[in-house]
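The residues making up each chain are set out below.
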Amino acid sequence: MAFFRTTKRDAPVEDDVFSGPLVSLRGVEKAFDIPSGKSYVLRRVSLDIAPGEFVTIMGPSGAGKSTLLSILGMFDGAWQGEYYLRNVAVHALANKDRLSLNRKHIGFVFQQYHLLDDLTVAENLDVPLSYRDVPRDQRAAIVADTLDRFQIVGKKDLYPRQLSGGQQQLVGVARAVIAKPGLLLADEPTGNLHSSQARDIMELFVTLNRQGTTIVQVTHSEENAQYGSRIVTVRDGWVVDDVRTGDGGRGTGVGG
Amino acid sequence: MRVAIGARRSQVLAELLTETLVLALVGGVLGVVLAAWSVDTVRTLVPETGGRMRTQMAQYLDLSQVQLDVRVLAFGLALSLVTGLLCGLVPALRASRPMLADALKDGAGASSESALTFRRGQARALLVTGNVALSLLLLVGAGLLSRSFAKARGVDAGFDARDVLTFRVQPPTDSAFSGARASLYRQELMTRLAALPGVNAVGTDWCAPLSQGCSGTIVMRVSGTPLPEGGARQPIGVHLVNSGYLPAIGARLVAGRFLSEVDRAGAPITGVINETAARQLFPNGDAVGQRLGIGFSNWADAEIVGVISDVNYGQVGTPPALSFYGSYLQASSATGMYFLRTSSAPASVLAVARQTVRNLSPQLAIYDERTLEQRVASSLGRLRFGAILLGAFAGLGLVLSLIGIYGVLMYTVVQRTRELGIRMALGAVRREVIGLVMRRAMLLTAIGVTVGLAAAWGASRLLRGLVFGITTTDPLTFAIQSCVIVVACALASYLPARRAAGIDPVEALRGA
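Source: prediction; values computed, not measured.

S.K.: Honestly, the overall build of chain A in this entry has me stumped. Any pointers?
M.R.: Looking only at helices and strands, one finds seven helices and ten strands in chain A. Of all 256 residues assigned to chain A, the portion counted as buried reaches 53%. Sequence separation of at least 24 residues holds for 69% of the intrachain contacts in chain A that already meet a minimum separation of 6. Accessible area for chain A stands at about 10,900 Å²; split by element, carbon and sulfur atoms hold 48% of it.

Rendered as structure tokens:
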């Protein structure tokens, strides 16, 4: 891990204690209305993710992987079923409360990095904090600390277009974890990177996971999937397989 | 994309320009339709003016004759084409010469803000701020004239225009109505008019207050002082009226008495002056009882029997001139206008007044009949016309500003969909997204308002001749109109901001 410095402060900050799975889905379905009826994107998905897990969701294009991740990230509100995050019934929450829960516990890494082009690296890192009502002076300290941890202090004043893909994704990950979320969601985080950059990002994920961050990633890469502790396979909206890779055993959370 | 798949630059340019020109022509046609529709409205707004002023206006700008003709249509068409070309050429040239790599890269979502798009953003911002500034300039102008109009309407012109019917009587050219016989006819007419039910007083003068038609000042001197020579003579507006005139127009008596029946032919010559004349001519004491010499060469000494309020016969807002009211029975003068103060609505007396005139002689006829209030309103026509015309332009400018703000922000929101989606994915809530969009709108508005205020401050001097009762840099007008445009722009920017807050982050990021 050449570009990530571990500190005691890397662990996610959760202010309340809970028992049971971090994430629990029960019979989650998503469908679109079409003239001939309904087109299902997800079918009766039931899944439990324990705190500290590193889960990889795999499957062919159009299987529903990214949709599942969007539901976990609470970006998608149009679905049926039950979703519990830290025992909070997300499905019963109003959209505003879901966003509040998201801001408190979830970080998101995108395949396209999605950095804000007209902001510098440091400003990009500041954005999630600004939406979490962190006082300005504290934000500056947290940003400085994060720049240091990810060893990108020298790039803090650069704009995204002045960075390589790997560097942009590094900033993307730093931005996702800067508010110390308990759950990190990553949608094809290495999809736009070459193999060595991808390896670096995956090793960064492993480090974050070891420090206590629960990670759920979507990927097509078998190699990247091996960094996690569990692989959930989705096909045609159904969860068809759920395999633990760390201990080689099968999981128990297969739904449907 | 089109260039990448083989389109020549000229082809791209032609396509883009065709689109712009068609839009401009459609706009031009709509503009001509609107102009045709508004011509009648403009004609009705043209102020009625009399005498010398009407001649001047007719000479330079007779809007009552305004109409659409081939020249106007050709000008409108040419203007549309030139506008289309100007507005379309630069963007078309830019768009037809894209930096291919950037354009294709943008499409892939790797970068959404190239230097080119940034410059375009600046150009749009410049257009919006210019639009806001221009609107504020017009709004301030319209505000100044509106406030002037309101002030002018409320000003004390020294008389009471309520419940007064006015008209002129056309005497025949017949010799039977000339000289002394005409005077007898006038006296008889006023006696009959005064006897009509609902008529409280009947007056006659050559002209109406605020008509700007009372020409013919006569130089005079104060009796007992040496005969004036050259420039030492002072001009004074002389009104040869009957005893009922001053009560009929509601003039206020300040000292002494009004003219009365005793001030008849053969009696000592008497007169009433206004406050300004009393103050200027007799600064040391009571004007009543003093004597005044009126005339050019044959001085007639008149004893001043009363002082009345300053009745304004000129333009609203002009300082009061010196006035002298003498009895028309003591001078060989014709009078033209009759004033009937009524106890009911003046219009209800008109029919019987007309019949009374006809009964006196079928050869006499009433014309130019209006209430005194209508004449006052007509005298404010120039202010009213200016306020309405500039107000219409200001309203149009404001609408264009709002469309500009709305259009630019909506375009910006569409362009920033990806960015806003990212921000929402990172935790921005609806309020923060709305704030983000509206902050930009309000920044552009603030710049526009600053520029507009400066421009209005400089240009308002052009309205110096039209503004009444306030200064051309009236702070209240400037403040109110600034608030109007700020509130209007905030409302116009709320819709795009609301749309931005409704962006689905999943869709936004998927489309990026």
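On we go.
S.K.: Can you walk me through the overall build of chain B in this structure?
M.R.: Secondary structure assignment for chain B yields 15 helices and eleven strands. When burial is assessed residue by residue, chain B has 43% of its 512 residues classed as buried. Sequence-distant contacts, at least 24 apart, represent 83% of the contacts inside chain B between residues at least 6 apart. Of the roughly 26,300 Å² of accessible surface on chain B, 62% is carried by carbon and sulfur atoms.

S.K.: What is the right way to read empty space enclosed by the protein from this model?
M.R.: Empty pockets left among the atoms are what a rolling probe the size of a water molecule brings to light. Per the counting criterion, the structure on display carries two cavities of 30 Å³ or more. The calculated volume of the largest cavity comes to roughly 100 Å³. Taken together, 16 residues make up the lining of the largest cavity; nearest its centre are A:Ile106, A:Gly107, A:Phe108, A:Arg132 and A:Ala176. Contributing elements (two or more residues each) for the lining of the largest cavity: helix H2 (95-105), strand E6 (106-109) and helix H5 (165-177) of chain A. The class makeup of the residues in the lining of the largest cavity is nine nonpolar, two polar and five charged. Each pocket or cavity is described by its volume, and for the second largest cavity that value is around 40 Å³. Within the residue set of the lining of the second largest cavity, elements represented by two or more residues are helix H11 (381-415) and helix H13 (430-459) of chain B.

S.K.: Looking at this structure, how should I read the pattern of salt bridges?
M.R.: Residue and element names in this part refer to chain A. As enumerated under the stated definition, the model contains 23 salt bridges over all chains in all. Between Asp126 and Arg139 there is a salt bridge whose closest N-O contact spans 3.0 Å. Taken as a pair, Asp126 in helix H3 (residues 121-130) and Arg139 in helix H4 (residues 136-149) lie far apart in primary sequence, 13 residues in all. With a relative accessible area of 12%, Arg139 lands in the buried category. Through salt bridges with shared partners, one network takes in Glu53, Arg230, Asp242 and Arg244.

S.K.: What is the right way to read the sheet that holds strand E5 (residues 88-89) of chain A from this model?
M.R.: The strands making up a sheet associate through hydrogen bonds between their backbones, and the pairing can be parallel or antiparallel. Residues and elements named next belong to chain A. In spatial order, the strands read E2-E1-E4-E5; together these four strands make up an open sheet with antiparallel pairing. Pairing within the sheet leaves two strands with one partner each, and these edge strands are strand E2 (37-49) and E5. Relative to E5, strand E4 (residues 80-85) runs antiparallel, the two sharing two bridges. Residue pairing in the sheet places Tyr84 in a bridge with Ala89 of E5. Contacting strand E1 (23-34), E2 and E4, helix H1 (residues 65-72) runs over the sheet at an angle of about 120° to E1.

S.K.: Can you help me understand the confidence of the model for chain B in this one?
M.R.: Parts of the prediction with low pLDDT should not have their coordinates interpreted in detail. All names here are of chain B. In this model, chain B carries a mean pLDDT of 80, and residues with pLDDT of at least 70 account for 82%. Across chain B, helix H7 (residues 245-249) holds the top mean pLDDT of 94, while helix H2 (residues 51-60) sits lowest at 42. Confidence over residues 50-60 falls short of pLDDT 50; this stretch has six contacts with residues more than four positions distant or in other chains. Overall, residues 100-118 carries pLDDT values under 50, and its contacts beyond four positions in sequence, including any with other chains, amount to 22 contacts. Among the scores for the predicted complex, ipTM is 0.75 and pTM is 0.64.

S.K.: Could you clarify how one ought to interpret the packing of aromatic side chains in this entry?
M.R.: Two numbers describe a pair of aromatic rings. These are the distance of the centres and the angle of the planes. What the rule picks out here adds up to eight aromatic pairs over all chains. Seen from their ring centres, B:Tyr245 and B:Phe339 are 5.2 Å apart, and the 75° between their planes marks the pair as edge-to-face. Of the two residues, B:Tyr245 is situated in helix H7 and B:Phe339 in strand E10 (residues 337-342); the sequence distance between them amounts to 94 residues. Look at B:Tyr245 and you get buried, because its relative accessible area is 0%. Connected via pairs of aromatic rings, a cluster forms that spans B:Tyr245, B:Tyr313, B:Tyr325 and B:Phe339. Across from the ring centre of A:Tyr159, 5.5 Å away, lies the NZ or CZ of A:Arg161, which sits over that ring. Between B:Arg461 and the ring centre of B:Trp457, over which it is positioned, the NZ or CZ distance is 4.6 Å.

S.K.: Is there a simple way to explain unusual backbone geometry in this structure?
M.R.: Keep in mind that most residues, glycine aside, have a negative phi and that most peptide bonds are trans. Although it is not a glycine, A:Asn87 adopts a positive phi angle of roughly 70°. Take A:Asn87: its relative accessible area is 45%, and that puts it in the partly exposed class.

S.K.: When you look at the interface of chain B and chain A in this model, what are you seeing that I'm missing?
M.R.: Note: interface size is frequently given as the accessible area lost on complex formation between the parts. If you look at the interface, chain B gives 19 residues, while chain A gives 19 residues. Interface area for chain B against chain A, summed over the two sides, is near 1,800 Å², with a carbon-plus-sulfur share of 56%. Counting the contacts that link chain B with chain A gives two salt bridges. One salt bridge connects A:Arg103 with B:Glu432, and the closest N-O pair in it is separated by 3.8 Å. At the surface where chain B touches chain A, the tally comes to five residue pairs in polar contact (both at pLDDT 80 or more). Of all the secondary-structure elements, those providing two or more residues to the side of chain B that touches chain A are helix H12 (417-425) and helix H15 (505-511) of chain B. The leading source of residues in the side of chain B that touches chain A is H12(B), at five residues. Among the residues making up the side of chain B that touches chain A, the classes are represented as ten nonpolar, three polar and six charged.

S.K.: Mind showing me how you'd approach the nonpolar core here?
M.R.: Most often, soluble globular proteins have nonpolar side chains that are buried together. With 83 residues, the main nonpolar core has A:Val23, A:Leu25, A:Tyr83, A:Leu85 and A:Val216 as its most contacted residues. A:Leu25 has contacts with A:Val45, A:Ser46, A:Leu47, A:Asp48, A:Leu68, A:Leu72, A:Glu82 and A:Tyr83, leaving out every residue within four places of it along the chain. Listed in part, the 35 residues of the second largest apolar core include B:Phe167, B:Phe282, B:Leu292 and B:Phe324.

S.K.: Would you explain the packing of H5(A) against helix H6 (residues 195-210) of chain A in this entry?
M.R.: For any two helices packed against each other, one specifies the inter-axial angle together with the distance between the axes. Residues and elements named next belong to chain A. The contact between H5 and H6 brings their axes to 9 Å, and the two run at 15°. Compared by their axis directions, H5 and H6 come out roughly parallel. As for how H5 packs across H6, the hand of that crossing is right-handed. Across from Gly165, Gly166, Gln169, Leu170, Val173 and Val177 in H5, the residues of H6 making contact are Gln197, Ile201, Leu204, Phe205 and Leu208.

S.K.: Before we go on, may I ask you to explain the side chain of A:Thr120 in this structure?
M.R.: Residue and element names in this part refer to chain A. By the secondary structure assignment, Thr120 is in the loop between E6 and H3. Overall, Thr120 belongs to the buried group, its relative accessible area being 9%. Not counting residues up to four positions away in its chain, the partners in contact with Thr120 are Lys156, Asp157, Leu158 and Tyr159.

S.K.: What should I look at first to understand the sheet that holds strand E8 (residues 214-218) of chain A in this one?
M.R.: Residue and element names in this part refer to chain A. Spatial ordering of the open sheet is given by E6-E7-E8-E3-E9-E10, a layout of six strands whose pairing is mixed. Edge positions in the sheet fall to E6 and strand E10 (238-244), since each of these pairs with one other strand and no more. Between one strand and the next, the sheet's axes are offset by a mean angle of 15°, whatever the strand orientation. Sheet analysis places E6 next to strand E7 (residues 183-187), joined by four bridges and oriented parallel. By the bridge assignment, Ile106 is partnered in E7 with Leu183. Along the sheet, H1 makes contact with strand E3 (54-58), E6, E7, E8 and strand E9 (230-235), crossing E7 at roughly 150°. Along the sheet, H2 makes contact with E6 and E7, crossing E6 at roughly 80°.

S.K.: In this structure, what is going on with a nonpolar patch on the surface? I would like to understand it.
M.R.: Residue and element names in this part refer to chain B. Together, Val22, Val26 and Leu30 line one region of the surface with nonpolar side chains, adding up to about 270 Å² of accessible area. Mapped onto the elements of the fold, Val22 is located in helix H1 (residues 9-45). Given the relative accessible area of 46%, Val22 is considered partly exposed.

Conventions adopted
Residues numbered from 1 in each chain as written. Chains lettered and ligands numbered in written order. Predicted model: local features only at pLDDT ≥ 70, side-chain atom pairs only at ≥ 80, totals over all residues. Heavy atoms only, no water. Helix = DSSP H or I, 4+ residues; strand = E, 2+ residues; numbered from the N terminus. Buried < 20%, exposed > 50% of the residue type's maximum accessible area, 1.4 Å probe, protein only. Contact = heavy atoms within 4.5 Å. Areas by Shrake-Rupley, 256 points an atom, 1.4 Å probe, with all protein chains shown as cover. 1 Å grid on protein atoms, 1.4 Å probe; cavity = no way out; pocket = protein on both sides within 12 Å on 5 of 7 lines; lining within 4 Å. Points joined across faces, edges and corners; volume = space filled by probe spheres on them. Nonpolar A, V, L, I, M, F, W, Y, C, P; charged D, E, K, R; others polar. Salt bridge = Lys/Arg side-chain N within 4 Å of Asp/Glu carboxyl O. Pairing = 2+ DSSP bridges. Axes fitted to C-alpha atoms, helices over the stretch in contact; angles between N-to-C directions. pLDDT = per-residue confidence, 0-100. Phe/Tyr/Trp six-rings, centres within 6.5 Å; stacked < 30°, edge-to-face > 60°. Lys NZ or Arg CZ within 6 Å of the ring centre and 35° of its normal. Buried area = accessible area lost by both parts, 1.4 Å probe. Polar contact = N/O pair within 3.5 Å; in protein donor to acceptor, adjacent residues only side chain to side chain. Core = buried A, V, L, I, M, F, W, Y, C linked by side-chain atoms within 4.5 Å. Parallel < 35°, antiparallel > 145°, perpendicular 65-115°, else oblique. Left-handed = near helix turned anticlockwise from the far one by under 90°. Patch = residues over 30% accessible without salt bridge, like charges linked within 9 Å, V, L, I, M, F, W, Y side chains within 5 Å.

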